[in-house]
Amino acid sequence: MTCRLPTRCRICNKKHHSLLHSTNNNVPSNNVQTTQSINPSRTNHVVATTATTSDDIDQQTNITTCFSNNKSQVLLATALVKAETNNGSFITLRSLLDQGSQASFVTESAVQLLGLKKVASRSVITGVGSDCNSSVNSKHVVNIKLQSIYDPNFTITVKAHVLTKLTTFLPERRVDLKLWSHMPEMKLADPKFNVPNKIDLLLGAEVYCQILSEGLVKGPIGCPIAQNTRLGWILSGQVSESSKTELSCRNVITTLHTQVVEEEFDLKRFWEIESDQCLLNKPHHTPEEQKCEEFFKQTTTRDPSGRYIVKLPFKEENPNCKSGNSREIAVSRFLMQERRLAKSPNLKDLYSDVIAEYLELGHMEKVPNDEIDKSESVYLPHHAVVKLNRTTTKLRVVFDASCRDKNGVSLNSELLVGPRLQSDLRHLAMRWRLHPICLVADIVKMYRQIKVANEDVDYQRLVWRSKPQEDIEHLRLLRVTFGTASAPYLAVRALHQVAYDEGKQFPLAAERVLNDFYVDDLLTGCDTVLEGKQIFQQMNELLSKGGFELQKWSSNNETLLNEISKDSEKTTSNLELKVDEIIKILGLTWNMIHFLSGKVDLHG
């Protein structure tokens with residue numbers, strides 16, 4: 001049926017909707033064709049790989065590799081390597097050595113097989129004759145530890161971009177071994193180089209230059225060369241074909257990574273759901289995450305009350321953000337915010353109350369007059385986030401630590417983010433639902449219960465005044481600040497440290513602190529009312545030793561709530577029990593009406 005709509009695709013100008021445009025329709029000029037389906041009977045290869053890992057596509061760097069031949073099959077260098085899994089064992093993978101590539105790549109299936117931790121990293125990958133419309137996106141990178149199959153002492157760690165598929169089987173077809181009778185006996189990096197098989201890894205030039213060794217064997221015309229490497233002898237070059245395997249004259253140019261999958265496969269997602277939890281049992285940290293963890297252990301202290309004091313984990317000892325004149329930008333942003341608040345008196349009052357609370361609780365202080373002009377300081381713009389449906393804090397002041405100064409640097413760009421320390425929400429929610437008696441609570445102002453070391457508080461300055469007629473005040477935050485890149489890690493890590501330091505006295509609570517929190521929200525449970533009461537008591541006592549306090553306790557068991565209410569009269573006056581039929585926690589709506597009043601089998 002002929003399409004009657006006058007609109008055309010904005011990409012190729014053909015008569016279909018732009019959303020239906022396939023990136024594989026692009027056919028570059030000069031008889032160069034990019035294909036996704038590769039016919040094994042075809043002769044020629046041109047392998048092209050480009051990659052960009054940058055937050056700004058406009059600043060991307062092209063990384064290219066190319067292999068081509070017009071009349072005969074070209075043998076590409078392959079090698080078998082041992083790759084270390086997440087449990088320390090090794091699995092043999094087949095790799096393609098690409099001297100012309102500035103990046104290395106690995107298949108998604110290999111990553112899943114090894115159980116490697118994927119780190120989010122946007123990458124744009126293009127091939128020869130491709131443009132932005134036919135690029136491939138890689139969303140993750142992994143670090144792979146490789147070992148020679150011949151020399152266990154030779155290991156190398158490779159940073160590789162994760163792709164769904166690299167190429168079809170290499171070589172295109174089985175190669176006659178008699179062609180290499182001139183070569184001496186040697187340890188081949190890929191003993192079955194002549195048998196078509198899949199490629200798990202593409203190792204770029206950064207790996208190629210590290211594995212080369214002395215030794216080169218050349219044969220007659222029509223035979224490949226042998227190059228000695230730390231992985232064994234690799235073979236590459238033109239292959240002469242016998243009359244029995246006469247080649248076709250068709251020319252094909254293919255890219256290694258043209259299989260683009262925009263949607264996640266159900267099977268892949270099932271694999272990830274099943275495997276994530278076991279991976280969490282043995283965390284694998286990147287070098288930056290490990291650096292952040294070591295920094296926390298070496299610099300974190302406690303004050304006389306037991307509250308934790310942390311230092312900001314900078315990437316470098318002398319961060320560039322302290323010399324970018326952020327004060328001028330913060331003042332300009334504040335004046336704009338002040339004009340907006342003047343149009344909404346109620347919002348202005350809430351904002352002023354939050355700042356006043358910071359000062360009253362000692363979470364913020366005024367900068368002494370003799371320190372206002374201190375050059376090595378960072379000012380953070382701030383704005384309001386309003387949620388009127390919240391029962392506690394309806395307005396939260398968020399500090400923009402990602403604001404770039406005149407040097408193009410922000411506080412967040414200089415801070416380490418730290419590793420992930422808690423389970424995925426889906427795992428936590430599934431475990432929580434298995435308990436016959438459920439308990440939930442959250443920590444009061446979690447981030448602000450952790451102090452920042454005195455030498456780092458000047459990296460958290462801000463400007464403020466209650467009325468336009470007053471002079472602008474210079475303030476500085478003394479606690480972990482919402483909006484800084486390291487805040488989630490520092491807060492959760494301090495929470496875990498309480499369990500490590502004090503957990504032996506409170507075994508029921510310590511285990512749940514490490515496994516049943518999602519940021520500041522506790523989702524746990526038990527089998528009996530007695531156990532639930534013990535969890536309540538131990539959790540409050542344990543967290544109080546680190547300066548944390550729990551609020552908004554709720555349960556699907558009315559008897560347990562009554563016991564908690566009685567116990568709270570003796571232990572604390574700042575307790576809020578949630579007994580509504582429906583509550584919201586972590587974006588989930590929990591209807592407790594079906595479980596209250598003895599509808600769950602209780603014991604104890």
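The structure this text deals with has already been given above.
Residues numbered from 1 in each chain as written. Predicted model: local features only at pLDDT ≥ 70, side-chain atom pairs only at ≥ 80, totals over all residues. Heavy atoms only, no water.

Trainee: Can you help me understand the overall build of the chain in this one?
Mentor: Each helix and strand counted, the chain has 12 helices and 27 strands in total. Burial status across the chain gives 47% buried among its 604 residues. If you take every contact in the chain between residues at least 6 apart in sequence, the share linking residues at least 24 apart comes to 72%. Accessible area for the chain stands at about 31800 Å²; split by element, carbon and sulfur atoms hold 49% of it. (Helix = DSSP H or I, 4+ residues; strand = E, 2+ residues; numbered from the N terminus. Buried < 20%, exposed > 50% of the residue type's maximum accessible area, 1.4 Å probe, protein only. Contact = heavy atoms within 4.5 Å. Areas by Shrake-Rupley, 256 points an atom, 1.4 Å probe, with all protein chains shown as cover.)

Trainee: Looking at this model, I keep getting lost on the sheet that holds strand S11 (residues 225-229). Mind explaining?
Mentor: Each strand in a sheet pairs with another by means of backbone hydrogen bonds, the pair being arranged parallel or else antiparallel. With respect to topology, 4 strands assemble into an open sheet ordered S2-S12-S11-S10, the strand pairing being antiparallel. The sheet is open, and its two edges are formed by strand S2 (73-75) and strand S10 (212-217), each paired on a single side. With strand direction ignored, the average angle separating the axes of adjacent strands in the sheet is 20°. Pairing analysis gives 3 bridges linking S2 to strand S12 (residues 232-239), with the strands arranged antiparallel. Within the sheet, the bridge partner assigned to Gln-73 lies in S12 and is Val-239. (Pairing = 2+ DSSP bridges. Axes fitted to C-alpha atoms, helices over the stretch in contact; angles between N-to-C directions.)

Trainee: Where do I start with the side chain of Arg-512 in this structure?
Mentor: Among the structural elements, Arg-512 can be located in helix H10 (residues 507-515). Arg-512 sits in the buried class, given a relative accessible area of 9%. Contact partners of Arg-512, with chain neighbours within four places excluded, come to Phe-517, Leu-522, Thr-524, Gly-525, Glu-531, Ile-535 and Met-539.

Trainee: Explain the packing of helix H5 (residues 326-342) against helix H6 (residues 345-361) here, please?
Mentor: Describing two packed helices takes the angle between their axes plus the distance from one axis to the other. Running from N to C, H5 and H6 cross one another at 125°; their axes reach a closest spacing of 7 Å. Between H5 and H6, the angle falls in the class oblique. The residues of H6 that touch H5, namely those facing Gln-337, Leu-341 and Ala-342, are Pro-345, Leu-347, Lys-348 and Tyr-351. By residue class, the composition of the contact of H5 with H6 is 5 nonpolar, 1 polar and 1 charged. (Parallel < 35°, antiparallel > 145°, perpendicular 65-115°, else oblique. Nonpolar A, V, L, I, M, F, W, Y, C, P; charged D, E, K, R; others polar.)

Trainee: I would appreciate a short explanation of helix H9 (residues 487-502) in the present structure.
Mentor: Working note: α-helix, 3.6 residues per turn, so residues spaced by three or four point in the same direction. Taking 1.5 Å of rise per residue, 16 residues should cover 22 Å, and H9 covers 23 Å from first to last C-alpha, within 8% of that figure. The element H9 is extensively covered by neighbouring structure, given that 13 of its 16 residues are classed as buried. (Expected span 1.5 Å × (residues − 1).)

Trainee: Whenever I open this one, the nonpolar core confuses me. Can you help?
Mentor: Taken as a class, soluble globular proteins show a tendency for nonpolar side chains to be buried jointly. Residues Leu-411, Phe-517, Met-539, Leu-543 and Phe-548 are the most contacted members of the largest nonpolar core, which totals 70 residues. Residues contacting Leu-543, with those up to four places away along its chain left out, are Ile-443, Leu-495, Val-498, Val-513, Phe-517, Phe-548 and Leu-550. Formed by 27 residues, the second largest nonpolar core is a distinct cluster that contains Leu-97, Ile-144, Ala-160 and Leu-203. (Core = buried A, V, L, I, M, F, W, Y, C linked by side-chain atoms within 4.5 Å.)

Trainee: I'm lost on H6 in this one. Help?
Mentor: Compared with the 24 Å implied by 1.5 Å per residue over 17 residues, the 24 Å span of H6 between its first and last C-alpha is a close match. For H6, the full list of buried residues reads Lys-348, Tyr-351, Ser-352, Val-354, Ile-355 and Tyr-358. When H6 is viewed along its axis, its buried side chains cluster within an angular range of 155° and face the same direction. Counted as exposed and oriented over 90 degrees from the buried face of H6: Pro-345, Asn-346, Asp-353 and Glu-360. In this structure, the buried side of H6 is in contact with H5, strand S15 (364-366), strand S16 (382-386), strand S17 (395-399), strand S20 (461-464) and strand S21 (473-477). Just downstream of H6, Gly-362 is the residue with a positive phi angle, here 80°. (Arc of directions from axis to C-beta.)

Trainee: Could you clarify how one ought to interpret the pattern of salt bridges in this entry?
Mentor: When the charged atoms of two side chains with opposite charge come close together, those side chains can pair. Counted according to the given criterion, the structure contains 31 salt bridges. One salt bridge in this structure joins Arg-333 and Asp-400, with 3.0 Å as the shortest N-O distance. With Arg-333 in helix H5 and Asp-400 in the loop between S17 and helix H7 (411-414), this residue pair connects regions lying 67 residues apart in the sequence. The exposure class assigned to Arg-333 is partly exposed, which follows from its relative accessible area of 30%. The closest approach of N and O atoms between Glu-531 and Arg-512, which form a salt bridge, is 3.6 Å. Pair noted here: Glu-531 is in helix H11 (residues 529-544) and Arg-512 is in helix H10, with a separation of 19 residues, a long-range link. What emerges from the salt-bridge pattern is a single network uniting Glu-365, Glu-371, Lys-374, Asp-458, Arg-461 and Arg-476. (Salt bridge = Lys/Arg side-chain N within 4 Å of Asp/Glu carboxyl O.)

Trainee: Sorry if this is basic, but what is going on with the packing of aromatic side chains here?
Mentor: How two aromatic rings sit relative to each other is given by the distance of their centres and the angle of their planes. On inspection of all chains with the given rule, the structure shows 7 aromatic pairs. Pairing Phe-334 with Trp-464 gives two aromatic rings, centres 5.8 Å apart and planes at 65°, and the pair type is edge-to-face. With Phe-334 in helix H5 and Trp-464 in strand S20, this residue pair connects regions lying 130 residues apart in the sequence. Both residues of the pair, Phe-334 and Trp-464, count as buried. Each residue in the set Phe-334, Tyr-351 and Trp-464 is aromatic and connected to the rest through ring pairs, giving one cluster. Note that Arg-396 overlies the ring of Phe-482, its terminal NZ or CZ placed 4.8 Å from the centroid. (Phe/Tyr/Trp six-rings, centres within 6.5 Å; stacked < 30°, edge-to-face > 60°. Lys NZ or Arg CZ within 6 Å of the ring centre and 35° of its normal.)

Trainee: What should I look at first to understand the sheet that holds strand S13 (residues 301-302) in this one?
Mentor: On the basis of which strands lie adjacent, the open sheet formed by 3 strands has the order S13-S14-S19 and mixed pairing. Each edge of the sheet is formed by a strand with only one pairing partner; in this case those strands are S13 and strand S19 (451-452). Across the sheet, H9 touches S13 and strand S14 (308-310), and the angle it forms with S14 is around 135°.

Trainee: How should I be thinking about the environment of Ala-441 in this particular structure?
Mentor: Its location among the elements puts Ala-441 in strand S18 (residues 437-443). According to the relative accessible area criterion, Ala-441 is buried, its value standing at 3%. With 80 residues separating them along the chain, Ala-441 and Asp-521 place their C-alpha atoms 6.0 Å apart.

Trainee: Help me understand the side chain of Arg-479, please; the structure alone is not making it clear to me.
Mentor: Within the fold, Arg-479 resides in the loop between S21 and H9. No salt bridge is formed by the buried Arg-479, whose closest oppositely charged neighbour, Asp-303, lies at an N-O distance of 6.5 Å. If near-sequence neighbours (up to four positions away) are discounted, Arg-479 is found in contact with Arg-307, Gly-362, His-363, Tyr-447, Arg-448, Gln-449, Ile-450, Lys-451, Val-452 and Gln-460. (Lys, Arg positive; Asp, Glu negative; His and termini not counted.)

Trainee: Please clarify how the pairing of strand S4 (residues 90-97) should be interpreted in this entry.
Mentor: Consecutive residues of a regular strand have side chains that alternate between opposite faces of the sheet. In terms of strand pairing, strand S3 (residues 78-84) meets S4 through 7 bridges, oriented antiparallel. Bridging from a neighbouring strand, Leu-80 pairs with Arg-94 of S4. In this structure, the hairpin formed by S3 and S4 is closed by a connection of 5 residues, where Gly-88 is found at a positive phi of approximately 95°. Of the strand pairs in this sheet, S4 and strand S9 (residues 201-203) are connected by 3 bridges, and their pairing is parallel. By the bridge assignment for S9, Leu-96 is matched with Leu-202.

Trainee: Looking at this structure, how should I read the environment of Gly-324?
Mentor: Here Gly-324 is to be found in the loop between S14 and H5. Accessibility expressed as a relative area gives 3% for Gly-324, which makes it buried. In this structure the C-alpha to C-alpha distance between Gly-324 and Ser-377, which are 53 residues apart in sequence, comes to 9.2 Å. When residues no more than four places from it in sequence are discounted, the contact partners of Gly-324 are Asp-405, Lys-406 and Asn-407.

That's the geometry; what it means functionally is another story.
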